[in-house]
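So the chains spell out like this:
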Amino acid sequence: MLDIRSVEHKLCTGCAACINICPKGAISMHENDEGFLYPEIDENKCVHCGLCYKTCPAVDYKFETPIMPDCYAVWAKREIREVSSSGGMFSVLAENILDKNGIVVGAAWDDDFHVEHIIIDSKSGLEKLRSSKYVQSKISDTLFEEIKKALEDNRYVLFSGCPCQVAGLKKYLGKDYENLLCVDIVCHGVPSPNVLSSY
């Protein structure tokens with residue numbers, strides 16, 4: 001049975017879809033020499049079900065978009081723009097979702113200056129998710145499960161991340177949800193986390 005070991009290392013983006021889908025908790029993310037997170041399989045736990053391979057967006061991701069998608073320009077109020085990046089669009093979308101008793105998922109700095117995706121359910125948490133981070137963010141092994149539960153409880157969910165992370169979430173979910181709004185940031189790759197730590 002194929003698993004993530006058969007995926008070329010250079011194709012892996014560290015989206016964490018594989019660790020979230022693994023039914024045995026056999027996959028964990030580990031840093032390489034440059035500090036980037038990559039999956040590793042615990043041979044003692046792996047049952048070779050192949051779910052990690054089937055869920056990996058680097059293996060079989062189908063990008064579908066309308067031929068002529070709707071496009072919008074957003075310019076938030078001044079007080080939001082002053083604390084945001086890119087005109088404050090994320091904040092406008094997030095506040096709308098939170099007003100509907102939804103949750104917002106995005107990248108935040110922790111106390112050790114690492115970046116990890118977190119879930120917030122109130123506007124007071126928005127400050128943590130604003131602004132660009134410019135480094136790979138960690139996604140926990142239960143994050144996608146928590147998002148799926150919220151979606152199935154009919155809560156609105158806003159997920160913000162790199163295109164590879166959005167692809168990983170969508171492959172994990174396996175179907176479209178009308179109450180899910182994904183915001184991919186424009187990504188040209190990220191520098192080594194070790195460079196940031198050294199700096």
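Details of the structure are given in the entry above.
Bear in mind the structure is a predicted one, so any value in this text is a computation, not a measurement. For every chain, the first residue of its written sequence is number 1, and the numbers climb from 1 along that sequence. Reporting in this predicted model follows two pLDDT cut-offs: at least 70 for local features of residues, and 80 or more for side-chain atom pairs to be given and counted; totals over whole chains, interfaces and linings ignore these cut-offs and use all residues. The basis for every side-chain value is the complete set of non-hydrogen atoms in the structure, without hydrogens or water.

Engineer: Just to check I follow, could you spell out the packing of helix α6 (residues 143–152) against helix α7 (residues 163–173) for this structure?
Structural biologist: Helix-helix packing: each pair is described by the crossing angle between the helix axes and the interaxial distance. Fitting a line to C-alpha atoms yields each axis, with helices limited to the stretch in contact; the angle taken between N-to-C directions then spans 0 to 180 degrees. Counting from the N terminus, the helices are the DSSP runs of H or I reaching at least four residues and the strands are the DSSP runs of E reaching at least two. At a closest axis distance of 10 Å, the pairing of α6 and α7 adopts a crossing angle of 60 degrees. Of the possible angle classes, the one that applies to α6 and α7 is oblique. α7 is crossed by α6, and the crossing has right-handed handedness. Counting all contacts with α6, which are made through Phe144, Glu145, Ile147, Lys148 and Leu151, the residues of α7 involved are Gln165, Gly168, Leu169, Tyr172 and Leu173. For classification purposes, angles smaller than 35 degrees are called roughly parallel, those larger than 145 roughly antiparallel, those between 65 and 115 roughly perpendicular, and all remaining angles oblique. Two helices cross in a left-handed way if the nearer one is turned anticlockwise from the farther one by less than a right angle. They cross in a right-handed way if the turn is clockwise. Two residues qualify as a contact provided that any one of their heavy atoms is within 4.5 Å of a heavy atom in the partner residue.

Engineer: I would appreciate a short explanation of the environment of Ser131 in the present structure.
Structural biologist: Relative to the helices and strands, Ser131 is located in the loop between α5 (126–129) and α6. A relative accessible area of 41% means that Ser131 is categorised as partly exposed. C-alpha separation for the pair Ser131 and Ser84, spaced 47 residues apart in sequence, amounts to 5.3 Å. A simple rule labels every residue: compare its accessible area, found with a 1.4 Å probe on the protein chains alone, to the largest value its type can have, and call it buried under 20%, exposed over 50%, or partly exposed in between.

Engineer: How should I be thinking about the pattern of salt bridges in this particular structure?
Structural biologist: When charged atoms on two side chains of opposite charge get close, those side chains can pair. Salt bridge criterion: a side-chain nitrogen from Lys or Arg within 4 Å of a carboxyl oxygen from Asp or Glu. With the rule as written, the count across this model stands at three salt bridges. Arg78 is paired through a salt bridge with Glu82; the nearest N and O atoms lie 2.8 Å apart. The exposed category is assigned to Arg78, whose relative accessible area is 58%. Its salt-bridge partner being Lys123, residue Asp99 comes within 2.8 Å of it at the nearest N-O pair. Here the residue Asp99 occupies a position in helix α4 (residues 89–99), and Lys123 occupies one in the loop between β4 (115–120) and α5, the gap between them amounting to 24 residues.

Engineer: Would you mind going over the nonpolar core with me for this structure?
Structural biologist: Here is a general trend for soluble globular proteins: nonpolar side chains tend to be buried in one another's company. In this description, a nonpolar core means a group of buried Ala, Val, Leu, Ile, Met, Phe, Trp, Tyr and Cys residues linked to one another through side-chain atoms lying within 4.5 Å. If you look at the biggest cluster of nonpolar residues, it comprises 32 residues, and the most contacted ones within it are Ile27, Phe144, Ile147, Val157, Phe159, Leu169 and Leu180. Those elements that provide at least two residues to this core are α1 (17–21), β1 (27–31), β2 (37–41), β3 (103–109), α6, β5 (157–161), α7 and β6 (180–184). Broken down by element, this core gets its largest block of residues, five residues, from α6. Residues Phe90, Ile120, Leu126 and Leu129 belong to the second largest nonpolar core, which totals 10 residues.

Engineer: Just to check I follow, could you spell out α4 for this structure?
Structural biologist: For an α-helix the count is 3.6 residues per turn, leaving residues at separations of three or four pointing the same way. Along α4, the residues classified as buried are Phe90, Ser91, Ala94, Ile97 and Leu98. Seen along its axis, α4 keeps its buried residues to an arc of 130 degrees; they face one direction. Where α4 is buried, its residues meet α3 (78–81), β3, β4, α5 and β5. Downstream of α4 by one or two residues, Asn101 has phi in the positive range, about 65 degrees. Of all possible arcs, the one meant is that of the directions from the helix axis to the C-beta atoms.

Engineer: Where do I start with the sheet that holds β5 in this structure?
Structural biologist: Working definition: the strands of a sheet are paired by backbone hydrogen bonds and lie parallel or antiparallel to each other. Reading across from one edge, β4-β3-β5-β6 is the order of the four strands in this open sheet, with mixed pairing throughout. Each edge of the sheet is formed by a strand with only one pairing partner; in this case those strands are β4 and β6. Strand-to-strand twist of the sheet, defined as the mean angle between neighbouring strand axes without regard to direction, takes the value 25 degrees. Two strands make a pair as long as DSSP finds a minimum of two bridges between them. Relative to β5, β3 runs parallel, the two sharing three bridges.

Engineer: It is not clear to me how unusual backbone geometry should be interpreted in this structure. Could you clarify?
Structural biologist: The phi torsion of most residues other than glycine is negative, and most of the peptide bonds are trans. The phi angle at Tyr134 is positive, at roughly 60 degrees, despite the residue not being glycine. Along the chain, Tyr134 falls in the loop between α5 and α6. Located in the positive-phi region is Asn154, a residue other than glycine, with phi close to 65 degrees. By the secondary structure assignment, Asn154 is in the loop between α6 and β5.

Engineer: I'm lost on the packing of aromatic side chains in this one. Help?
Structural biologist: What characterises a pair of aromatic rings is the spacing of the ring centres plus the angle enclosed by the ring planes. A pair of Phe, Tyr and Trp rings is counted when the ring centres sit within 6.5 Å of each other, with Trp represented by its six-membered ring. The angle between the planes then sorts it: under 30 degrees is stacked, over 60 is edge-to-face, the rest tilted. One pass over the structure, following the stated rule, counts three aromatic pairs. Measuring from centroid to centroid gives 6.4 Å for Phe144 and Phe159, while their planes differ by 75 degrees, and the two rings are edge-to-face. Of this pair, Phe144 sits in helix α6 while Phe159 sits in strand β5, and the two are 15 residues apart along the sequence. Neither Phe144 nor Phe159 differs from the other in exposure class; each is buried. On the numbers, 5.6 Å between centres and 50 degrees between planes, the contact of Phe144 with Tyr172 is tilted. Pair noted here: Phe144 is in helix α6 and Tyr172 is in helix α7, with a separation of 28 residues, a long-range link. By relative accessible area, which is 0% here, Phe144 ends up buried. Pairwise contacts between aromatic rings join Phe144, Phe159 and Tyr172 into one cluster.

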